[in-house]
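Coordinates in review
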Amino acid sequence: MATPTASPESDVEPSSKLIYLFGDGRAEGGAEMRNLLGGKGAGLSEMSSLGIPVPPGLTITTEVCSAFYEAGRQYPAGFEQQVRDGVAHIEGIVGARFGDAENPLLVSVRSGARVSMPGMMDTVLNLGLNDETVAGLARSSGDERFAYDSYRRFVAMYGDVVLGLKRESDLDEDPFEAILENKKRALGVAEDTELPAAALREIVAESKAEIRAKLGIDFPSDPWEQLWAAIGAVFESWESPRAIIYRDLNGYPSDWGTAVTVQAMVFGNLGDDCATGVAFTRNPKSGAPGLFGEYLVNAQGEDVVAGVRTPQPLRAAEQASDGLPSLEESQPAVYGELAGACETLENHFGDMQDIEFTVQRNKLWVLQTRNGKRTGPAMVKVAVDLVDQGLIDRDEALRRQDPEQISELLHSVFDEDAPTDVIAAGLAASPGAAVGRVVFSAQEAAEWAERGEDVILVRLETSPEDIQGMLAAQGILTARGGMTSHAAVVARGWGKCCVAGCGALEIDYAAGSFRVDAGGREITVSRGDVISLNGTTGAVMLGAVSLTDPELPEELDRLMGWADDARRLGVRANADTPEDATKAREFGAEGIGLCRTEHMFFGEDRILAVRQMILAEDEAGRRAALAKILPIQRDDFEGILRAMAGLPVTIRLLDPPLHEFLPHAQEEIERVAEALDLSPQRILQRVQALQEFNPMLGHRGVRLAITYPEIYEVQVQAIVEAACTLRAEGVEVQPEIMIPLVGAPEELAKLRTRVTAVADRVIADRGVALDYTIGTMIELPRACITADAIAEHADFFSFGTNDLTQTAFGISRDDAGHFLPDYLRENVLAKDPFVELDREGVGGLMRIGIEKGRATKPDLKLGICGEHGGDPASITFGHEIGLDYVSCSPYRILIARLAAAQAAISED
Ligand code: PEP
Ligand code: MG
C-alpha cells in the first residue's frame, strides 16, 4: 500500500516555514509568537529554551490552519515534508521511531489557539499505535496492560475525534464507553484499572469492529495516515459548533485559526512512580501566593479532567480530606523540581502560570504553561503582589487588568468548576450571574419574588411598565433588543444580571414557555423551570449553576489609587436616584454625568400625576398636574445633589416621548381612568393619539419643551429650588441642566432663555448665591455638524452616543436585535456599535462636534453619557479625542477608572 499523504496540497502559500521545532533545551519559536504558534506552541518553545523539561515536538502554525480553510481544506505546498522532518527531529531526541514495531514513538496531536479555549477543540493522544507497535510498546515499557490500555484509549479517542463515531443523541451512551462498560460488567469488575491486558485487547478489537460496522471503514493502522487525519481533525475542530459558540461569546474572530502541536507522548500511567497533574503558581481563586494544584498517581491527563478519581493536592499544607498523600510527601524530589520549574516560569513570564505536568517513572515533564486564568479578585491581588515583589511595575499591573473582569468583584459569579448546560447565547448586556425560576411577566416576577422565589424574568423585550418585575427578578432575559435596549440600560444601572437580544428564544406567553434549538436539541423551558444566566458572557443555561460571592480583595484600593494617578479622564456616573448616586460615589464617581429625570416618573406614587399631566386637555390642566410633580422631583433632586455634594451633577430634562408613560394594558387603562375620573375610552383615545410611527425620532427631547414649555419650566424650578435649599444649608452643589436631543442651535437658544429665566427667578426669590450651568446632549448628526453654533448657547456638551449611534447608522436601538447579530456573524461589522463606539462614523461625528464646539468655546466641557461611557474600548477613544470625562452606570465606575488609566498608560 502506498504511504498515505497529507491529502492534496494546495498552492495557497502562507509562508515557507510551516512548522517550528522544540525540545532538548532548544526551540525555533518563542513566547512572543503566540499568534503564530498558539498559546501552547509558544509556551512549549519558550519553556524548552529555558531548560524546563518538555517532551520534544513540533508546532504547525495558525497560518497553515488559515491556508487549509482558504484552499478548501487542503494543506499548503511543502507541508508533508516539513512535518516528516519534524517527526524525525522528535525521533532523534527520544530515541524511538514513529511506527517502529520494536521501539515505537507515540505522539499527541493537540490544538492551540492564540488564547486558551479550554475544552473547545480536539486532541488525540497515543497516536502511532497499531497491532504491531502496541507489542513494541508492551516490550519497551515492560507493561502489557499499560500498552493495551493506551491502545484502547487511542482507538476510542481517534474513533470519536477523527472518524466521528459519536453517540447518536444525548440519551445514548458513548459507543466506546459502552464497549468498556460491557466488558467490565461481563468480567464483574468495577474499575477500569481492574481490567487485564487480554480484556483490553478485546476492547480494542470490539471498538474497531464497531467502527467498521457503523462507518464502513477500517481503523487505519498506518501511523502516518493516522497523523495526517488527526491534524486535519484538529483543524476542523476550530470550526466545530462549540468552538464557534465560544468564539462568539468571547468575541474572537474566526480568522485567528488554531495551531497544532505534535509532541512525543510521556506517560503518567506506567505505575505508582508516575503521575499527572495541574499546578498553578498561585491560587487562581484568591490570588494567594504558593503552589496550588492537584495530581493523580498512575493516570493520564484526561483522567484529571474527567474527574473519575479524586485528585490529591500538590502541597502537604493542603491535605486532601480522604488522607491520600500530597505530591510533596509522596515524591518529594519531583515536587522540588516542579516547584523550581514553577518559580522559573513565573519569574520568566512575570505572571501567575497554569502548568500541566506528567511524571513518568520519577521524571518530571512539563507539558504546558500559560498565564493562569483567574477570578476577578485574584487578578487584582496577583498584580499588586507582583508589584510588591518587584516583578512588574504599577503600569504593568494596571495593563494586566481586564476592566470587564473587575465587575466580578461586585457581582456573584458562577462557580468556575460547576458543570453547565448552555442552551442559548444572547448579548452580555449586564454582568453578573443569576439563577431562578422562569416567569414571563413583570407581575408574576413580583408575585413569585414576594413569596420568596428567585425568578428570572423572560420577556420578548421590556418596557418601563415592567420595572417592578425587573427589580424583583434575579436576572432578566430578553429575546429582542440590543445593548442599549430598555432591559440592558436599566439592568446595568442596577448592577443586575441581564442577557438581552437572545434571538434563539421562541417565547410563547400564552403557553408560559419558551423553546430553543440548542445545537439540534429541541428544548422547552416552562414557567417555573430553573435556568441560569451569565450576564458576563451572555450564556443561558439549563438548571441551577452554583454561585459564589467573591470577597473584595484588600489590594483593590491600592490598585484603583494607581489607576486614578495614571488617568486623565474624569469618571462620572449615570444615576437617577439618591441611592444610586451614593453607590456611585462609593465606587469613586466624580459626579453625575447623566440623571435621566424620566426614570423618576415611574414610582407608584408619581406615575398617576405624570399621566394626569399627559392626559390634560390644556395648559391649565397640565400645570395643575405639574404642581403635584414639582415637590416630588424637588425631593429627588435634593437627595441626589446632597449625595454628590461638592461634585457636579448633570440633570437632563424630560427626554422620552409622552406615550411611554401611558397605560397600555386594558386593566391598567381602567385603573387610570378610575383614578383620574375619566372614561376608559377617553384614555384609550389619548393613548392612540400619542402613538407614533417612530417614537425614537418623534415627539421627544427638546421637541416636547417646544410644544409644552411648562414641563421643562417645572423641572428647572424643582432643580433650582432643591439646589438653593442645599446652598442655604451650606452644602456645596453644582447643578448642570441638560437639554436632550438638540439638533438645531435655535432650539437650544430658545430653551436657554427659558431655563435662565426660571432659574434666575427662583434664585432671586430664595436670595441665595447659586452657580449653575446649561448644556446640551449632542446625540444627533446635525448637532455635531452645527456644534459651533450650538456651543454659543451651551456651557457643556455631553455626547449621547446611544442616540448618536442610532441616528448616525439609521439603526433603531430597539430593533437592532433582529439583524445586528447577522452583521456580526457575517463580519459586516466587527463589533456591535451600541456596545463599542464606532470610531470612524459615530466617532468621526464626535470629532467634528468637538472641533467645532471648542472653536466657539475653547473651555467647553465635554463628556460622554451613552452606554459607551462604560465600555473600555470606547473609553480609550474618549481619551484620545480629548473628552473631559466619561459617565457610566455605577457598577461600571471601577471598569471606567481602570480603562481610563490604561488609555493614559498606553499613550505614554
Ligand atoms: C444617549 O442617547 O446616549 C443617552 C445617554 O440618552 P438615552 O439613552 O437616555 O436616550
Ligand atoms: Mg439619548
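Below is a summary of the structure that appears in this document. Just so you know, these numbers come straight off a predicted model, no measurement behind them.

About the criteria used
Residues numbered from 1 in each chain as written. Chains lettered and ligands numbered in written order. Predicted model: local features only at pLDDT ≥ 70, side-chain atom pairs only at ≥ 80, totals over all residues. Heavy atoms only, no water. Near = heavy atom within 4 Å. Polar contact = N/O pair within 3.5 Å; in protein donor to acceptor, adjacent residues only side chain to side chain. Areas by Shrake-Rupley, 256 points an atom, 1.4 Å probe, with all protein chains shown as cover. Helix = DSSP H or I, 4+ residues; strand = E, 2+ residues; numbered from the N terminus. Nonpolar A, V, L, I, M, F, W, Y, C, P; charged D, E, K, R; others polar. Pairing = 2+ DSSP bridges. Donors = N, O, S within 2.8 Å, 3.2 Å for Na, K, Ca; no water. Buried < 20%, exposed > 50% of the residue type's maximum accessible area, 1.4 Å probe, protein only. Contact = heavy atoms within 4.5 Å. Patch = residues over 30% accessible without salt bridge, like charges linked within 9 Å, V, L, I, M, F, W, Y side chains within 5 Å. Salt bridge = Lys/Arg side-chain N within 4 Å of Asp/Glu carboxyl O. Lys, Arg positive; Asp, Glu negative; His and termini not counted. Charge placed at Lys NZ, Arg CZ, Asp CG, Glu CD. Core = buried A, V, L, I, M, F, W, Y, C linked by side-chain atoms within 4.5 Å. Phe/Tyr/Trp six-rings, centres within 6.5 Å; stacked < 30°, edge-to-face > 60°. Lys NZ or Arg CZ within 6 Å of the ring centre and 35° of its normal. Expected span 1.5 Å × (residues − 1). Bend = angle between axes of the 7 residues up to and from the residue.

Attention now moves to the site of ligand 1. Inspection of the region around ligand 1 gives 14 residues, with Arg596, Arg652, Gly800, Asn802 and Arg813 positioned closest. Measuring from an oxygen atom of ligand 1, one finds a side-chain N or O atom of glutamate 779 at 2.9 Å. The separation between an oxygen atom of ligand 1 and a polar side-chain atom of arginine 813 is 2.9 Å. The protein chains hide 95% of the 290 Å² of surface that ligand 1 would expose on its own. The biggest single contributor to the shell around ligand 1 is helix H30 (residues 801-809), with three residues. Considering only residue class, the shell around ligand 1 consists of three nonpolar, four polar and seven charged.

One open sheet holds the six strands; their spatial order is S3-S2-S4-S10-S8-S9, and the pairing between them is antiparallel. Whereas interior strands pair on both sides, the edge strands pair on one side only; in this sheet they are strand S3 (26-27) and strand S9 (123-127). When strand S8 (residues 107-112) meets S9, the two strands line up antiparallel, connected through three bridges. Counted as the bridge partner of arginine 110 is threonine 123 from S9.

Here the magnesium ion (ligand 2) is held by Glu779 (OE) and Asp803 (OD), and the distances to it run 2.0 to 2.2 Å. Taken together, the residues glutamate 779 in the loop between strand S33 (773-778) and helix H28 (781-785) and aspartate 803 in helix H30 connect sequence positions 24 residues apart. For the pair shown, glutamate 779 and aspartate 803 are each scored as buried.

What follows deals with the environment of methionine 613. Relative to the assigned elements, methionine 613 resides in helix H21 (residues 604-615). Overall, methionine 613 belongs to the buried group, its relative accessible area being 2%. In this structure the C-alpha to C-alpha distance between methionine 613 and serine 141, which are 472 residues apart in sequence, comes to 88 Å. In contact with methionine 613, not counting residues within four places along its chain, are Arg622, Ala625, Leu626, Ile629 and Ile711.

On the surface, Glu168, Asp172, Glu173 and Glu177 cluster together into a patch of negative charge. With respect to the secondary-structure elements, aspartate 172 resides in the loop between helix H5 (144-161) and helix H6 (175-187).

If you look at the biggest cluster of nonpolar residues, it comprises 105 residues, and the most contacted ones within it are Val720, Ile739, Phe797, Phe799 and Met846. Of the residues forming this core, the biggest block, eleven residues, is contributed by helix H26 (residues 709-728). Ignoring anything within four residues of it in the chain, the contact list for methionine 846 reads Cys784, Phe799, Thr801, Leu804, Leu837, Ile864, Phe877 and Ile881.

Further remarks concern the packing of aromatic side chains. In the structure shown here, the tally under the stated rule is 19 aromatic pairs. Both rings, one in tyrosine 158 and one in phenylalanine 219, keep their centres 5.2 Å apart while their planes meet at 65°; by these two values the pair is edge-to-face. Here the residue tyrosine 158 occupies a position in helix H5, and phenylalanine 219 occupies one in the loop between helix H7 (197-215) and helix H8 (223-237), the gap between them amounting to 61 residues. For the residue pair tyrosine 158 and phenylalanine 219, the accessibility class agrees, reading buried in each case. In textbook terms, an aromatic cluster arises when at least three aromatic residues are bridged by ring pairs, as seen for Phe68, Tyr69, Tyr75, Phe79, Phe98, Trp224, Trp228 and Phe235. Taking the ring centre of tryptophan 448 as reference, the NZ or CZ of arginine 451 above it sits at 4.7 Å. Stacked on the ring of tyrosine 885, the Lys or Arg arginine 572 has its end atom at 4.0 Å from the ring centre.

The end-to-end C-alpha distance of helix H22 (residues 619-643), which contains 25 residues, comes to 34 Å, matching closely the 36 Å that a straight helix rising 1.5 Å per residue would cover. Within H22, the axis deviates most sharply at isoleucine 629, by approximately 30°, and proline proline 631 lies no more than four positions further along.

Looking now at the sheet that holds strand S12 (residues 289-297). Strand order in the open sheet formed by five strands is S13-S12-S11-S14-S15, and the pairing between neighbours is antiparallel. Each of the sheet's edge strands pairs with one partner strand only, and the pair in question is strand S13 (312-313) and strand S15 (363-371). Where strand S11 (residues 275-282) and S12 come together, seven bridges link them in antiparallel fashion. Each bridged residue has a counterpart across the sheet, and for alanine 275 the counterpart in S12 is valine 297.

Relative to the helices and strands, aspartate 832 resides in the loop between helix H31 (820-825) and helix H32 (842-856). Here aspartate 832 falls in the buried class, since its relative accessible area comes to 9%. Within the structure, the side chain of aspartate 832 is placed 2.8 Å from the backbone nitrogen of phenylalanine 834, a separation counted as a polar contact. Apart from residues lying up to four places away in sequence, aspartate 832 is in contact with Leu427, Met483, Leu820 and Leu824.

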